[in-house]
Structure formats: C-alpha cells, structure tokens
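# Chain and residue survey
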Amino acid sequence: NLSLELKASMTGLAIGITAQGEQDPKTIESAPKPSGTDLICITGNIGAAYMGLHVLEREKVAFNKIPASEMASYKQPDLSRYKYILSQYLSPEINPKIVEQFKEASIIPAAGYFITDGLAATIKELCQEHGTGAKIYLEKIPIASQTMEMAKEINMDTVTAALNGGDDYKFLFVIPLSEHEKFHKEFPNVDIIGHLCKPEAGALLVTPEG
C-alpha cells in the first residue's frame, strides 16, 4: 500500500512517500523471540552513502567560490573515481528479494530492521525494542574501499561513517544461533557482524584488541 502526500516548498514541490507491506500472520507468530545468543547480520557495506554526500558537499563549496567572471569557462569536475560512493547516496539499490530468500531457505529471522539512520542507531533500536544487549565486532563491519579512501581524504574516522552515516538502505537481521550453518550456506553474501547479549552489557562496539 502506498500513500502520497504533496506539500508546497520554497524551492518547488516536495513529495513524501510512505510504503507499507503485509506479512502472513502465521509467519509472524512462528518467528522466534530474540535471545542472548542470536547473530546480527547485514546485507551490504555501510558508510558509502555518507561519504558520497561529503563529495557533493565539497564540490558545492568549491563551485560557490568560483567568481562570476569565470563561470563561462567552468567545466564539470571529473568525479569518476567517486562513482561508487556517489551512487550509494544518489541512487541506492534496495534488494527486497532477501525476504523471499528467507522464505525459500525456511529461515525466519528473530528480528529485522532497515538501516537508514546509521548502524549505531539501528542497533540501539534493536536493543531497546527487545530488551537485549548487543556486541558488534569492528573488524566484521563491511566497509567498501572507496568509503575508506574518501574518509582518509577528508580526515574522518571510517568507523564514524559506518556507525553514524545513515542513508545506507541495507537490511539488518537477527538470526537464531541454531540456524548459523544453514544461514551461512544459503546467504554467503550477507555479513555476520556480531551477536546479542545480556541487556546489562548494553550496546557495545568491540575492537580487534578486545
């Protein structure tokens, strides 16, 4: 179901769209409750969209500094080396087929989220909603090479981009530990980045040093 809301804007027309879906009640009822041993996985690398935004912001600043007398000879900058991170921000691809894959594999996640406000916010939402803690392992978080390169270029910590960047549009799922072997076989391109734990532990980012 789609609802379309139109509102006037100082710069034109703004369109806000809300999408809603339906699920078989039997599937919802049979979903396992998240427990302290469940695995946390995501469907793709994160932080790229935030770095793509930084490319655009930097180019905008540079463009605004061009004197009016030189505008006639202005040439569009070559941004081909930023193609991937720009595409992640300007035209992210959402793969809803992952839901069908779970159905075909007969695996029902204990919980599922859409990462739009950054990994950190999503993990906190997961912990608050289900009354658990979570441990995310830094070396397990998938980050694209172009994301790392851009972060280095602007002297930003790559981890900051991955955790707090937002606009990633990837799926995060919680998988029962008992499904680990089957999940690894059926979803080889999905990254397991951590696991749930006791609520008193809180939401933690675990470095390679522990």
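Quick summary incoming for the structure in this document. (Residues numbered from 1 in each chain as written. Predicted model: local features only at pLDDT ≥ 70, side-chain atom pairs only at ≥ 80, totals over all residues. Heavy atoms only, no water.)

## Observations concerning the overall build of the protein chain
When you go through the protein chain residue by residue, the secondary structure sums to 8 helices and 8 strands. Considered along the principal axes of its C-alpha atoms, the protein chain spans approximately 65 × 45 × 30 Å. Taking all 210 residues of the protein chain together, the buried fraction comes to 33%. Counting only contacts in the protein chain whose residues sit at least 6 apart along the sequence, the fraction spanning at least 24 positions is 82%. The average position of the 19 basic charges and that of the 27 acidic charges among the side chains of the protein chain differ by 2 Å. (Helix = DSSP H or I, 4+ residues; strand = E, 2+ residues; numbered from the N terminus. Buried < 20%, exposed > 50% of the residue type's maximum accessible area, 1.4 Å probe, protein only. Contact = heavy atoms within 4.5 Å. Lys, Arg positive; Asp, Glu negative; His and termini not counted. Charge placed at Lys NZ, Arg CZ, Asp CG, Glu CD.)

## Structural notes on the sheet that holds strand E5 (residues 133-137)
Across the sheet, which stays open at both edges, the 6 strands sit in the order E4-E6-E3-E7-E5-E8 with mixed pairing between neighbours. In this open sheet, the two strands that pair with only one neighbour each are strand E4 (111-115) and strand E8 (203-206). If you compare each strand with its neighbour and ignore which way they point, the axes differ by 25 degrees on average. Across 4 bridges, E5 lies against E8 in parallel orientation. From the neighbouring strand, Tyr 137 faces E8, where its bridge partner is Val 206. (Pairing = 2+ DSSP bridges. Axes fitted to C-alpha atoms, helices over the stretch in contact; angles between N-to-C directions.)

## Here we look at helix H6 (residues 145-153)
Looking at H6, one finds that the buried residues are Thr 147, Met 150 and Ala 151. Taken around the axis of H6, the buried residues stretch over an arc of 100 degrees, which confines them to a single face. In H6, those exposed residues whose orientation departs by more than 90 degrees from the buried face are Glu 149 and Lys 152. Contacts made by the buried residues of H6 are with helix H2 (48-64), helix H3 (83-90) and helix H7 (158-164). Two residues or fewer after H6 comes Asn 155, characterised by a positive phi angle close to 60 degrees. (Arc of directions from axis to C-beta.)

## A word on the layout of surface pockets
One number sums up the size of the largest pocket: a volume of about 890 Å³. Secondary structure elements with two or more residues in the lining of the largest pocket: helix H1 (25-30), helix H4 (97-105), E4 and strand E6 (170-175). Its residues assigned to classes, the lining of the largest pocket comprises 15 nonpolar, 6 polar and 4 charged. Taken as a whole, the second largest pocket spans an internal volume of roughly 270 Å³. Thr 43, Gly 44, Asn 95, Ile 98 and Lys 170 are the residues nearest the centre of the second largest pocket, which is lined by 17 residues in total. When residues of the lining of the second largest pocket are traced back to their parent elements, those giving at least two are H4 and E6. Taken together, the residues that form the lining of the second largest pocket break down as 8 nonpolar, 6 polar and 3 charged. (1 Å grid on protein atoms, 1.4 Å probe; cavity = no way out; pocket = protein on both sides within 12 Å on 5 of 7 lines; lining within 4 Å. Points joined across faces, edges and corners; volume = space filled by probe spheres on them. Nonpolar A, V, L, I, M, F, W, Y, C, P; charged D, E, K, R; others polar.)

## A look at a negative patch on the surface
There is a patch of like negative charges on the surface, built from Asp 117, Glu 125, Glu 129 and Asp 167. Along the chain, Glu 125 falls in helix H5 (residues 119-130). Taking relative accessible area as the criterion, Glu 125 reaches 40% and is therefore assigned partly exposed. (Patch = residues over 30% accessible without salt bridge, like charges linked within 9 Å, V, L, I, M, F, W, Y side chains within 5 Å. Areas by Shrake-Rupley, 256 points an atom, 1.4 Å probe, with all protein chains shown as cover. Salt bridge = Lys/Arg side-chain N within 4 Å of Asp/Glu carboxyl O.)

## Structural notes on a nonpolar patch on the surface
A surface patch of nonpolar side chains, about 450 Å² in accessible area, is lined by Leu 6, Leu 13, Ile 15 and Ile 17. Tallying contributions element by element places strand E2 (residues 12-19) first for the nonpolar patch, with 3 residues. Here Ile 17 falls in the exposed class, since its relative accessible area comes to 59%.

## Considerations on the packing of aromatic side chains
A complete count under the given rule lists 7 aromatic pairs for this structure. Taken together, a centroid distance of 6.3 Å and an interplanar angle of 15 degrees make the contact between Phe 102 and Phe 183 stacked. Of the two residues, Phe 102 is situated in helix H4 and Phe 183 in helix H8 (residues 180-186); the sequence distance between them amounts to 81 residues. A relative accessible area of 4% places Phe 102 in the buried class. (Phe/Tyr/Trp six-rings, centres within 6.5 Å; stacked < 30°, edge-to-face > 60°.)

## Some details on the environment of Tyr 113
By the element assignment, Tyr 113 lies in strand E4. The exposure class of Tyr 113 is buried, given its relative accessible area of 9%. Separated by 72 residues in the primary sequence, Tyr 113 and Lys 185 place their C-alpha atoms 22 Å from one another. Polar side-chain contacts of Tyr 113 include one of 3.0 Å to the side chain of Glu 129. (Polar contact = N/O pair within 3.5 Å; in protein donor to acceptor, adjacent residues only side chain to side chain.)

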